[in-house]
Number of protein chains: 2
Amino acid sequence: MENVRELKERIAVSDYRGKADIIITNGRIVNVFSGEVMHQDIAIKNGYIAGIGEFEEAEEIIDAKGQYLVPGFIDAHVHVESAMVPPHEFARVLLPNGVTTVVTDPHEIANVAGTSGIEFMLEDAEEAPLDMFVMLPSSVPATPMENNGATLDAKALKPLYRHDKVIGLAEVMDFPSVASGSEDILQKIIDAKREGGRIDGHGAGLSSLDLNNYLAAGIRTDHESTTAEEALDRLRAGMFVMLREGTVGRDLLQTLPAVTERNSHRFTFCTDDKLIPDLIEEGSINYNIQLAIANGIEPITAIQMATINAATCHNLPYLGAIAAGYQADIVFLRDLETVKISRVMKRGEVVVEDGERIETRFNRTRRMRFESPAICHTFTEKDLALPLKSTHIHLIGMQPNSLFTERLQGEVTLKDGLFQPDPAKDLAKMVVVERHKATGNVGVAVVTGFGLKKGAIATTVAHDSHNIVAVGTNDADIAFAIAHITEIGGGIAVVSDGKILKDLPLPIGGLLSDQPYEAVESALAGLDEAFASISEAEGFDPFLTLSFLTLPVIPELKLTDQGLFDFRKFAVIPLEVTE
Amino acid sequence: MENVRELKERIAVSDYRGKADIIITNGRIVNVFSGEVMHQDIAIKNGYIAGIGEFEEAEEIIDAKGQYLVPGFIDAHVHVESAMVPPHEFARVLLPNGVTTVVTDPHEIANVAGTSGIEFMLEDAEEAPLDMFVMLPSSVPATPMENNGATLDAKALKPLYRHDKVIGLAEVMDFPSVASGSEDILQKIIDAKREGGRIDGHGAGLSSLDLNNYLAAGIRTDHESTTAEEALDRLRAGMFVMLREGTVGRDLLQTLPAVTERNSHRFTFCTDDKLIPDLIEEGSINYNIQLAIANGIEPITAIQMATINAATCHNLPYLGAIAAGYQADIVFLRDLETVKISRVMKRGEVVVEDGERIETRFNRTRRMRFESPAICHTFTEKDLALPLKSTHIHLIGMQPNSLFTERLQGEVTLKDGLFQPDPAKDLAKMVVVERHKATGNVGVAVVTGFGLKKGAIATTVAHDSHNIVAVGTNDADIAFAIAHITEIGGGIAVVSDGKILKDLPLPIGGLLSDQPYEAVESALAGLDEAFASISEAEGFDPFLTLSFLTLPVIPELKLTDQGLFDFRKFAVIPLEVTE
């Protein structure tokens, strides 16, 4: 927030008495209030827009050469951790895509490190040329059926509202607790309201009746619509609707028909979860805009959805428009059809020029230190043994790149009463090793779908509790992979015959790299290649898919550190089929 | 704000497990999000809407019989004091008009009584079946060229943000101070932003360049547009535009052409200042809606402007819609064309039935006590003498019902060097007696336009400092009128030949009656009649007009307790014409 001096200087610039820091001339300003294009100058002072008009006096004049000037894009809901880089590095990949503000739910790192994790994200973002607003994770842990690194009850969350960038309560996923009126989640909701914050929803598959529950509680946004009808239901119920296009959740084209000229101001865009390779290849919110325009949305409407609508939705009154008093987050577009970005300004600084990032703008005066929780477990190879009382068991049916699994059954081979993986039948062993509390918990089950011929893969990215999850064809490689990622402080590894084929260290909580995102992209490509050398399955991301096999709140069968989890029974069950 | 129990009960009702307090069936719900009309039930619990759907279990079922159900109307900007009744009584006149929420600037009472005045308004509103949100008066006193009852600097205002109903900074009228960067006004603006509040503007006649100043400071609303072009300028600049239809400011028909389907969500309605007789005869925001519809605005768009748009503008996230989680403020309309109101609910209680107010809903358990500042002055009739050095002087040219005056000059008659009023030439004496600080200040000037044949009128309602202002044909009657309204603790009086023809006591700060609004209406009618008996001027409100003759921030010539004020010179000047 500015002080009196800055405000005074800005006002002086606004009526031509003072000298601007920057004037942008010859631009076509997209006015997100009126929907018009205006041919005027923009004057910038102290990172804010001082005025729109005919300006002359400035330290620097930028000639927009007839390009369109639009407000910086806002991702209305994104989990930064999905990109496996911290906020400062996330800014590097987002800004060339015109995204100058994100509203994030640091749910993953909170599951590993609690409030320290959230504070790390806030501090790491502070020096970045990107505004990262935080909605506080509402469900940590996600369920009591697994061990995670922290428990964030209402009392733990409340002090975090003191932080300027904390603006509400993140996607309330625990629908049953809301419906049943669990005191802690209701207290979190009431605290958010009292702090003037908004509350995001997570209404995957909710009916109109379920929506009543959500709305009655005061939850006002949703990013889980997968059809136009669902989007309209949510709009009618009173929610802001976020149209999602991420790595896995690709809902934009299905939901877009809900948008009309009259209701468009209730829609925004989000990515939710998007991996580095997709951010590099497609982009971020700029891709949502491109897709929307290519599919019939009027370009200025799409720009409004990506800017002022998101700012209104999240109550960010000084973002999302090119107008006096707004932060000078400005994207230069060659045209309004392709949304090709040439220049990006963040708080009045050019951070992208000729489509290229100006790396010096991304300097850090300090690199955030993060006391990454030790990966502690008392695991030995013997813990991987899977004794079975019968050969007819439940199998987890992996579905490529999906949060869901199939509920399967099958015959397996035993030796000395112990399960034997069988590459020929694509029956691999899956293991979850609790890593936060040294409980010694190891969950073991059988999964099909990975097509492993040999070796094993393991990762510390395992939703939502982020224990260690591994899949392999033999105990030795599984144990070796787990030991290796433990040794490197968290990450992803592919091993075979006792050798590391490829790894990606994620030393920040076992979730985030401390390297540039380009290194992450390259490591992911190497991991894919390594996986291809030990598997015959193709066309999916095995590490992403593996990371969802531990998420018990999504159907059907999952594995936690406490064992095989049956979503329908909402309980841990034995592997053996008994009925 | 609700507690956990209430929230839990509401959620239980929302999905049919719990029993609602009230169900409204057979209504046509106007959905302000989608613009549709929905045939569904509304369930209400603890004053909030629990759900929209098919409900059965309730303590009470209301059959809407096919009527339209719309959210309670919101007046986005109104000075309650203009109605000369306190908030609880204001609620009585507003609710039959469907207005369930007002956003007010208690600027008048603050000029008399400072923070005590603001606190009185807040407390008086607490028990009323109306939500009154307060924007803190930004310019008390309005200018240094007059004495008022209190000075509210940034430091004085800041603690008031603690009150739940204080939501921002009221119309920033002191445009020159903003432009010149006066520290106190900028600090007020920064404080409002820090508290998450919005800042209202007052951009009467401002150019695009002036608007830059306003916007650069962070001011985001305006209710002073008088043409469609002005409204569009403000919209484009990034302001919410409030279309005004009050007693004096009647701008709706001129500004309405600015509204389109696409930009309508940036428009709201306000009355600003509306007297009791007009509120009774025309109504309040319901009249703005009727006028808008009669002049081509689609009915649901007009309803949106009067409800959700105002709630968005002022960041009131639980008002302005019929949807789960919103306060149960519901207006029943017979149709969407005439906007005839049959029933009004406030926080789930029926307060108006068959168009008639249910008086028991307006009971007060306590009547607010207000230590009304004493009207202190050391005035005697001798202070009214107006010695002049020449007979050619400046005359205040009163304009009927206008905030403006004409800058006139004329010849006057002297006796013993003192001005003599001349009814034949319509030259009356005008007097302002400082009443707050016992300074003994008396301003005297000459006014034309009141058509007074005899007697005098006086009032303690005199913008913005609310000193005593009187106009008369002779010193004895002027002095008598002033003495009388002093004796009754403030108010309005018409006197002639040493007799009170009619008065209206306003014992609350000299601004507000302590009687029912019906008594105020009747007294005003009596005052009009009394004025007609001493004047030949017609067709205007003499007391309202008189109350603006002391307002120095509006052109051209005004009178303060310090003397004749020239708006162009922005200074007190002698009466005698010297150039």
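Preceding this paragraph is the structure being described.
Residues numbered from 1 in each chain as written. Chains lettered and ligands numbered in written order. Predicted model: local features only at pLDDT ≥ 70, side-chain atom pairs only at ≥ 80, totals over all residues. Heavy atoms only, no water.

Peer 1: Go over the overall build of chain A with me, naming the residues and quoting the values.
Peer 2: Counting its regular elements, chain A contains 16 helices and 32 strands. In terms of overall size, chain A behaves like a compact globule, its C-alpha atoms giving a radius of gyration of 25 Å where 579 residues would be expected to give roughly 25 Å. For the C-alpha atoms alone, the extent of chain A along its principal axes is close to 90 × 50 × 45 Å. Total accessible area computed for chain A in this model is approximately 19,400 Å², and 48% of it derives from carbon and sulfur atoms. The averaged location of the 85 negative side-chain charges in chain A is 3 Å from the averaged location of its 51 positive side-chain charges. (Helix = DSSP H or I, 4+ residues; strand = E, 2+ residues; numbered from the N terminus. Rg over C-alpha atoms; globule rule 2.2 N^0.38 Å. Areas by Shrake-Rupley, 256 points an atom, 1.4 Å probe, with all protein chains shown as cover. Lys, Arg positive; Asp, Glu negative; His and termini not counted. Charge placed at Lys NZ, Arg CZ, Asp CG, Glu CD.)

Peer 1: Which residues make up the sheet that holds strand β31 (residues 563-566) of chain B, and what are the values?
Peer 2: Residue and element names in this part refer to chain B. Reading across from one edge, β30-β31-β32 is the order of the three strands in this open sheet, with antiparallel pairing throughout. The open sheet is flanked by β30 (557-560) and β32 (571-573), the only strands paired with a single partner. For this sheet the average axis-to-axis angle between neighbouring strands, irrespective of direction, equals 45 degrees. By the bridge criterion, four bridges tie β30 to β31 in an arrangement that is antiparallel. (Pairing = 2+ DSSP bridges. Axes fitted to C-alpha atoms, helices over the stretch in contact; angles between N-to-C directions.)

Peer 1: Just give me the short version of the side chain of D191 of chain B, but keep the residues and values in it.
Peer 2: All names here are of chain B. For D191, the position within the fold is in helix α6 (residues 183-194). For the buried D191, no salt bridge is present, and the opposite-charge side chain at shortest range is K158, 4.1 Å distant. Not counting residues within four places of it along the chain, the set of residues in contact with D191 comprises A154 and K158. (Buried < 20%, exposed > 50% of the residue type's maximum accessible area, 1.4 Å probe, protein only. Salt bridge = Lys/Arg side-chain N within 4 Å of Asp/Glu carboxyl O. Contact = heavy atoms within 4.5 Å.)

Peer 1: I'd like a rundown of the environment of A311 of chain A, residues and numbers included.
Peer 2: All names here are of chain A. Relative to the elements of secondary structure, A311 occurs in helix α13 (residues 308-313). Separated by 138 residues in sequence, A311 and M173 place their C-alpha atoms 23 Å apart. When neighbours within four sequence positions are excluded, A311 is seen to be in contact with I74, L316, L319 and G320.

Peer 1: I'd like a rundown of the sheet that holds strand β17 (residues 341-346) of chain B, residues and numbers included.
Peer 2: Residue and element names in this part refer to chain B. Sheet architecture is open: seven strands sit in the order β3-β2-β7-β16-β17-β18-β19, paired in mixed fashion. Only two strands of the sheet have a single partner each, and these edge strands are β3 (37-38) and β19 (356-357). Looking at chain direction, strand β2 (residues 28-30) and β3 are connected through two bridges and run antiparallel. Bridge pairing in β3 places V30 opposite V37.

Peer 1: Describe the relation of the copies chain B and chain A, and please don't skip the residues or the numbers.
Peer 2: Note on the copies: chain B fits chain A at an RMSD of 0.1 Å, the axial shift is 0.0 Å, and the rotation between them is 180 degrees. Taken together, the rotation and translation relating the two chain copies correspond to the operation of a two-fold axis. Nearest to the rotation axis, the C-alpha of R262 of chain B is located 3.1 Å from it, this being the minimum over chain B. (Least-squares fit on C-alpha atoms with pLDDT ≥ 70 in both.)

Peer 1: Tell me what's going on with the interface of chain B and chain A, and back it up with residues and numbers.
Peer 2: Across the boundary between the two partners, chain B contributes 63 residues, which contact 63 residues of chain A. Broken down residue by residue, the surface that chain B buries against chain A is led by F33, R236 and R262 of chain B, which jointly contribute 14%. Where chain B touches chain A, the interface holds six salt bridges. Across the pair R262 of chain A and E298 of chain B runs a salt bridge whose closest N-O atoms are separated by 3.1 Å. Counting across the chain B and chain A interface gives 30 residue pairs in polar contact (both at pLDDT 80 or more). Of all the secondary-structure elements, those providing two or more residues to the side of chain B that touches chain A are α1 (4-14), β5 (48-53), α5 (175-180), α6, α7 (208-217), α8 (228-237) and α12 (299-306) of chain B. The element that contributes the greatest number of residues to the side of chain B that touches chain A is α6 of chain B, accounting for seven residues. Within the side of chain B that touches chain A, the residues separate by chemical class into 27 nonpolar, 20 polar and 16 charged. (Buried area = accessible area lost by both parts, 1.4 Å probe. Polar contact = N/O pair within 3.5 Å; in protein donor to acceptor, adjacent residues only side chain to side chain. Nonpolar A, V, L, I, M, F, W, Y, C, P; charged D, E, K, R; others polar.)

Peer 1: Pulling in residues and values, what's your account of unusual backbone geometry?
Peer 2: All names here are of chain A. Omega for the peptide link from H463 to D464 comes to -15 degrees, which places this bond in the cis form. Positioned with a positive phi, F570 is a non-glycine residue whose angle comes to about 50 degrees. Locating F570 in the fold gives a position in the loop between β31 (563-566) and β32 (571-573).

Peer 1: With reference to specific residues and values, describe the pairing of strand β29 (residues 499-505) of chain B.
Peer 2: Every regular strand shows the same layout, with side chains that alternate between the two sheet faces. Residues and elements named next belong to chain B. For strand β28 (residues 491-496) and β29, the ladder comprises six bridges, and the chain directions are antiparallel. Bridging across to β29, V494 finds its partner in K502. Turn length for the β28-β29 hairpin, with the two strands adjacent in sequence and antiparallel, is two residues, and the turn residue D497 shows positive phi of about 50 degrees.

Peer 1: Tell me about the packing of aromatic side chains, residues and numbers included.
Peer 2: Residues and elements named next belong to chain A. Here the structure, examined in full by the defined rule, presents 18 aromatic pairs over all chains. The interplanar angle of 70 degrees and the centroid separation of 6.2 Å between the aromatic rings of F531 and F543 together place this pair among those described as edge-to-face. Of the two residues, F531 is situated in helix α15 (residues 517-534) and F543 in helix α16 (residues 542-548); the sequence distance between them amounts to twelve residues. Considered together, F531 and F543 belong to a single accessibility category, that of buried residues. Clustering of aromatic rings is evident, with ring pairs tying together F450, F531, F540 and F543. (Phe/Tyr/Trp six-rings, centres within 6.5 Å; stacked < 30°, edge-to-face > 60°.)

Peer 1: So what's going on with helix α8 (residues 228-237) of chain A? Which residues, and what values?
Peer 2: Residues and elements named next belong to chain A. Buried residues dominate α8, accounting for seven of its ten residues. Within α8, burial applies to A228, E230, A231, L232, R234, L235 and A237. Among the structural elements, α7 (208-217), β13 (221-222), β14 (240-244), α9 (252-255) and β15 (267-270) are those in contact with the buried residues of α8. Following α8 by one or two positions, G238 has its phi on the positive side, about 115 degrees.

Peer 1: So what's going on with the packing of helix α1 (residues 4-14) of chain A against α7 of chain B? Residues and values would help.
Peer 2: Running from N to C, α1 of chain A and α7 of chain B cross one another at 160 degrees; their axes reach a closest spacing of 8 Å. One element, α1 of chain A, and the other, α7 of chain B, form an angle in the roughly antiparallel class. Judged by the sense of rotation from one axis to the other, the crossing of α1 of chain A with α7 of chain B is right-handed. Taking contact as the criterion, the partners of L7, R10, I11 and S14 of chain A in α1 of chain A are, on α7 of chain B, L209, N212, N213, A216 and A217 of chain B. A breakdown of the residues in the contact of α1 of chain A with α7 of chain B according to their chemical character gives five nonpolar, three polar and one charged. (Parallel < 35°, antiparallel > 145°, perpendicular 65-115°, else oblique. Left-handed = near helix turned anticlockwise from the far one by under 90°.)

Peer 1: Give me the pairing of strand β7 (residues 68-71) of chain A: which residues, what numbers.
Peer 2: All names here are of chain A. Residue alternation in β7 divides its side chains into two sets, Y68 and V70 and L69 and P71, and both sets are buried. Taken together, the two bridges between strand β2 (residues 28-30) and β7 define a ladder with parallel strand orientation. Looking at the pairing, R28 lines up with Y68 of β7.

Peer 1: An account of the pattern of salt bridges is needed here, citing residue identities and associated values.
Peer 2: In the structure shown here, the tally under the stated rule is 72 salt bridges over all chains. In this structure, the salt-bridge partner of E518 of chain A is R92 of chain A, at a minimum N-O distance of 2.8 Å. Residue E518 of chain A is found in helix α15, and its partner R92 of chain A is found in helix α2 (residues 87-94); the two are separated by 426 residues along the sequence. Under the relative-accessibility criterion, E518 of chain A is labelled partly exposed at 32%. In this structure, the salt-bridge partner of D124 of chain B is R364 of chain B, at a minimum N-O distance of 3.2 Å. Residue D124 of chain B is located in helix α3 (residues 107-126), and its partner R364 of chain B is located in the loop between β19 and β20 (392-398); the two are separated by 240 residues in the primary sequence.

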